[in-house]
Amino acid sequence: MIRRLLAAAALATALPAFAADDVKVYQLSVKTLDGKPFDLAAQRGKWVLVNYWATWCVPCIKEMPDISAFVKGRKDVTAIGLAYEDTDPKEIEAFLGKHPVSYPIAQVDVTAPPKDFGEAKGLPTSWLIAPDGRLAKRFVGPVTAEKLRDEMSKHPNPKG
């Protein structure tokens, strides 16, 4: 019995207290399609949804109105849509004319995506960044307001 306790104690002290993503503060600095800068660090104190999407992605198109409504309905949440496709920005702007959103959109280089977010393994992919800049949850597949609220309730806002 004592050996098991000692072994468990030794294992517990050998393992890090947090996984790497639990302590990493995410960085993102992009220029939106309308030419404005978006810096994730400037959003500290708010929840931020970073959403990889594409104009040809049907589940992406379906989730966009939900993300828009969720962001519009909460002062403690913002989002950035990252168009993950190699196309002319004017085509993305034309698409957004037909499918408007309430959050800024930037286009990312699919051959050199933002370092902290990497390549998309599937679309849509979203990262819910907590108000302190750390990852709360990564979603592969469509997100809903319910999923976002549920995840946010697991990570109380340290400022709020």
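Structure: above.
Since the model is a prediction, treat every value here as computed from it, not as a measurement.

## Some details on the state of the cysteines
Here comes step 1: Per the counting criterion, the structure on display carries one disulfide.
Here comes step 2: Two residues, Cys57 and Cys60, share a disulfide whose sulfurs are 2.3 Å apart. As the torsion about the S-S bond is roughly 75°, the Cys57-Cys60 disulfide counts as right-handed. There is no split in this pair, since Cys57 and Cys60 are both buried.

## Quick look at the pairing of strand 3 (residues 47–53)
Here comes step 1: Most of strand 3 sits out of view: seven of its seven residues are buried.
Here comes step 2: With burial as the criterion, each face of strand 3 is covered, one bearing Trp47, Leu49, Asn51 and Trp53 and the other bearing Val48, Val50 and Tyr52.
Here comes step 3: In this structure, strand 3 lies alongside strand 4 (residues 77–83), joined through seven bridges in parallel fashion. The partner of Asn51 across the bridge, within strand 4, is Gly81.
Here comes step 4: Since strand 3 and strand 4 lie parallel, the crossover through helix 3 (residues 58–72) that links them has a hand, and here it is right-handed.
Here comes step 5: As defined by bridge partners, strand 3 adjoins strand 6 (residues 125–129) across five bridges and the pair is classed as antiparallel. For Leu49, the partnering residue across the bridge sits in strand 6 and is Leu128.

Rules used throughout
- Residues numbered from 1 in each chain as written.
- Predicted model: local features only at pLDDT ≥ 70, side-chain atom pairs only at ≥ 80, totals over all residues.
- Heavy atoms only, no water.
- Disulfide = S-S within 2.5 Å.
- Buried < 20%, exposed > 50% of the residue type's maximum accessible area, 1.4 Å probe, protein only.
- Helix = DSSP H or I, 4+ residues; strand = E, 2+ residues; numbered from the N terminus.
- Pairing = 2+ DSSP bridges.
- Right-handed = clockwise from strand over helix to strand, strands pointing away.

Everything listed here is a matter of geometry and, on its own, says nothing about what the molecule does.
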